[in-house]
Amino acid sequence: GVAKSQLLKQISTIAPRGVYTTGKGSSGVGLTAAVVRDTFTGELLLEGGALVLADNGVCCIDEFDKMDDSDKTAIHEVMEQQTVSIAKAGITTSLNARSSVLAAANPAFGSYNEKRSLEENINMHAALLSRFDLIFLLRDRINEDLDRALASHVTFVHAHGHHPAVDNQEKYVSAKVLRAYISEARKFDPEVSGDVAEFAVEQYVAMRSSDKRKEVDERLGGTRTVPTTEKFATARTLLSVLRLAQANARIRFASVVSEDDIREAVRLMEESMSTFEAEGVHVSGSVDSLSRIYAAIVKAIRSLPAKKVKGGITEAEARDVVLRIGETMEHFEDFVREYSKINVINVTSDGGRRFRLL
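The model shown is predicted, which means the values in this text are computed figures rather than measured ones. (Residues numbered from 1 in each chain as written. Predicted model: local features only at pLDDT ≥ 70, side-chain atom pairs only at ≥ 80, totals over all residues. Heavy atoms only, no water.)

## Considerations on the packing of aromatic side chains
What counts here: Any two of the Phe, Tyr and Trp rings considered here, Trp counted by its six-membered ring, make a pair once their centres fall within 6.5 Å; the pair's planes then place it as stacked at under 30 degrees, edge-to-face at over 60, or tilted in between. In this text, helices come from DSSP runs of H or I with a minimum length of four residues, and strands from runs of E with a minimum of two, each type numbered from the N-terminal end. Only protein chains enter the accessibility calculation, which uses a 1.4 Å probe; a residue is then buried when its area is under 20% of its type maximum, exposed when over 50%, and partly exposed in between.
Scanning the entire structure with this criterion turns up four aromatic pairs. Taking 6.0 Å as the distance between ring centres and 90° as the angle between the ring planes, the aromatic pair formed by Phe64 and Phe132 counts as edge-to-face. Here Phe132 lies in the loop between helix H7 (126–129) and helix H8 (144–160) and Phe64 lies in the loop between strand E4 (58–62) and helix H4 (69–73), a separation of 68 residues in the sequence. Assessed through its relative accessible area of 0%, Phe64 is described here as buried. What links up through ring pairs into an aromatic cluster is the set Tyr181, Phe188 and Phe253.

## Thoughts on the pattern of salt bridges
Heads up, the condition is: Each reported salt bridge corresponds to a side-chain nitrogen of Lys or Arg within 4 Å of a carboxyl oxygen of Asp or Glu.
Going through the model one piece at a time under the given rule, you end up with 18 salt bridges. We note a salt bridge from Glu264 to Arg267, for which the minimum N-O separation is 2.7 Å. With Glu264 and Arg267 both in helix H12 (residues 259–280) and three residues apart, the pair spans about one turn of that helix. Residue classification places Arg267 among the partly exposed positions, given a relative accessible area of 23%. For Glu327, the salt bridge identified is with Arg292, shortest N-O distance 2.5 Å. Of this pair, Glu327 sits in the loop between helix H15 (315–324) and helix H16 (329–341) while Arg292 is found in helix H13 (residues 289–302), placing the two residues 35 residues apart along the sequence. Take Glu327: its relative accessible area is 10%, and that puts it in the buried class.

## Regarding the packing of helix H10 (residues 194–209) against helix H11 (residues 235–251)
The packing of two helices is summarised by the inter-axis angle and the distance between the axes. Definition in use: Inter-axis angles, ranging from 0 to 180 degrees, are taken between N-to-C directions of lines fitted to C-alpha atoms, where helices are fitted over the stretch in contact. Note on angle classes: values under 35 degrees are labelled roughly parallel, values over 145 roughly antiparallel, values of 65 to 115 roughly perpendicular, and the remainder oblique. Should the near helix be turned anticlockwise from the far one by less than a right angle, the crossing is termed left-handed; should it be turned clockwise, right-handed. Residue contacts follow a heavy-atom distance rule, with two residues in contact if any of their heavy atoms lie within 4.5 Å.
Close contact between H10 and H11 brings their axes to 10 Å; oriented N to C, the two are set at 135°. Comparing the axis directions of H10 and H11 gives the class oblique. Here the hand of the crossing between H10 and H11 comes out right-handed. For the pair formed by H10 and H11, the contact residues are Ala200, Tyr204 and Met207 on the first element and Ala235, Thr237, Leu238 and Leu242 on the second.

## Details of the side chain of Thr83
Heads up, the rule is: We define a polar contact as two N or O atoms separated by no more than 3.5 Å, with the added condition that, inside protein, one atom must be a possible hydrogen donor and the other a possible acceptor, whereas residues neighbouring each other in sequence contribute only through side-chain atom pairs.
Its place among the elements puts Thr83 in strand E5 (residues 83–88). At 3.1 Å, the side chain of Thr83 forms a polar contact with the side chain of Glu77. Those residues within four positions of Thr83 in sequence are excluded, and the remaining contacts are Glu77, Val78, Ser94, Leu95, Asn96 and Ala97.

## A word on the side chain of Asp55
Of note, Asp55 is situated in the loop between helix H3 (50–53) and E4. The exposure class of Asp55 is buried, given its relative accessible area of 10%. In this view, Asp55 contacts Arg17, Asn96, Ala97, Arg98 and Ser99; residues no more than four positions away in its chain are not counted.

## Description of the pairing of E5
We count it as follows: At least two bridges found by DSSP between two strands is the condition for calling them paired.
Bridging between E5 and strand E6 (residues 91–96) involves six bridges; their strand directions are antiparallel. What sits directly across from Ser85, in E6, is Ser94. Linkage of E5 to E6, two consecutive antiparallel strands, is achieved through a turn of two residues, within which Ala89 is found at a positive phi near 50°.

## Side note on unusual backbone geometry
Positive phi, close to 60°, is recorded for Ala3, a residue that is not glycine. Summarising the element assignment, Ala3 is placed in the segment before helix H1 (4–14). Unusually for a residue other than glycine, Phe253 sits at a positive phi of about 55°. Structurally, the position occupied by Phe253 is in the loop between H11 and H12. On the basis of relative accessibility, which here comes to 33%, the residue Phe253 falls in the partly exposed class.

## Considerations on H1
The criterion, for reference: For this quantity, the arc is that covered by the directions from the helix axis to the C-beta atoms.
Of the positions making up H1, those classed as buried are Leu8, Ser12 and Ile14. One side of H1 holds all its buried residues, which, seen down the axis, span an arc of 165°. Looking at the buried side of H1, the elements it contacts are strand E1 (18–22), E4, strand E7 (100–103) and helix H9 (175–185).

## Topic: the sheet that holds E4
Pairing is parallel in the open sheet, where three strands are placed in the order E1-E4-E7. Each having just a single partner strand, E1 and E7 make up the two edges of the open sheet. Strand-to-strand twist of the sheet, defined as the mean angle between neighbouring strand axes without regard to direction, takes the value 20°. As defined by bridge partners, E1 adjoins E4 across five bridges and the pair is classed as parallel. The partner of Thr22 across the bridge, within E4, is Asp62.

Quick look at the structure:
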C-alpha cells in the first residue's frame, strides 16, 4: 500500500550498480554465492549471488520478511564484514560484497501492532535488525486527499499507459543526472579528523546514557512517561553514525567529515526511530511542538556528566537539539518565552543564554 517495491526498483535502476531481488526468489546461496558444476568440462565453478554482484553498489531486497531464517543468517557476514566466505566442495575463498543493503518488509500480522515489539512485528531477530543503519516505519494512513490523488494517478496510468504530465518539470532532476551525480560523489573518500572523532564519541556516549523513556510535561496534560521503541545504542550504532556522516560529506563533494555531518547522521537515526515512537506514544493530552522541544532539551541536559547537569546547556547546544528533532526556530523562541513564564526552565544571560532545569 505504500509502494515499497516501486521505490526499490527505482533505486536499483538509478544506482550506478544496483541489483533487485526478492526474499522468496533468492535463497541463501542466491544472495551470497554458490558452487556449481560446469556442464561441459565438469569442473566446479563459483558463482556470485546478488550481494556479490552488487559489490560497490546497492542490493535491493524486496519481501525481506518472506525469507527463511537460514537465508537471513546468510547475509549477517555481508552486513558486518562486507565479505562472503565460501568453504564448499574443496573451494575455500572470500568474496567482496561491499554493497549497501536496502530491504523492504511487511508486518508479520498483516498490519503493524503497536502493542508488540519491533522484532515481533517484522519477524526478524534483533541481531539482524541491529545491522541496519536506518529503519523507517511506513504506514498506509487513511487520508481523503491523498487517497483521491493516488487513485487518480493509478487510473490515469492504467488508461493511458504513461504517467500524467508533471507541473514545474524544471524542479525535478532526471535519473540520468542523478546517476551521474552519485557516480561523482562516490569518488570522494571523506576522512574523519581527530576533533570530529571526539565529537562523534561524545554523541555516541550521549546516546548510550540517554533514557529510553521520553518524559512529557505533566503541566500540558501529558502522562509522566511514555514507552518508546528506541533501539539500544551499541558499537554498531557508532559505526552507523560514521557511515552516514561520510555519506553526507560525499553529497557535498567534501573530503573531510565535519561536525555538522555527525549531527545530521544522529538526526537521521533519531528520525528513523521517531517513526515508531510517533505510532506508539499515547498521551492523555496534546503534545505540541513546545512540549517536544522541552522533552528534547531535558533529555540533552540529563545526558550531560553529573558535574555539568547543574550548569545546563548553551543556547547554541539548545538550538542544535531543536533542529535535530525537526522543529523551527520560531517554535524555539516561543518555547523560551512560555516556559520561562511558568518557571519550568531557567534561562540565564550570563555570557550568552543558558538553559537549566529548576
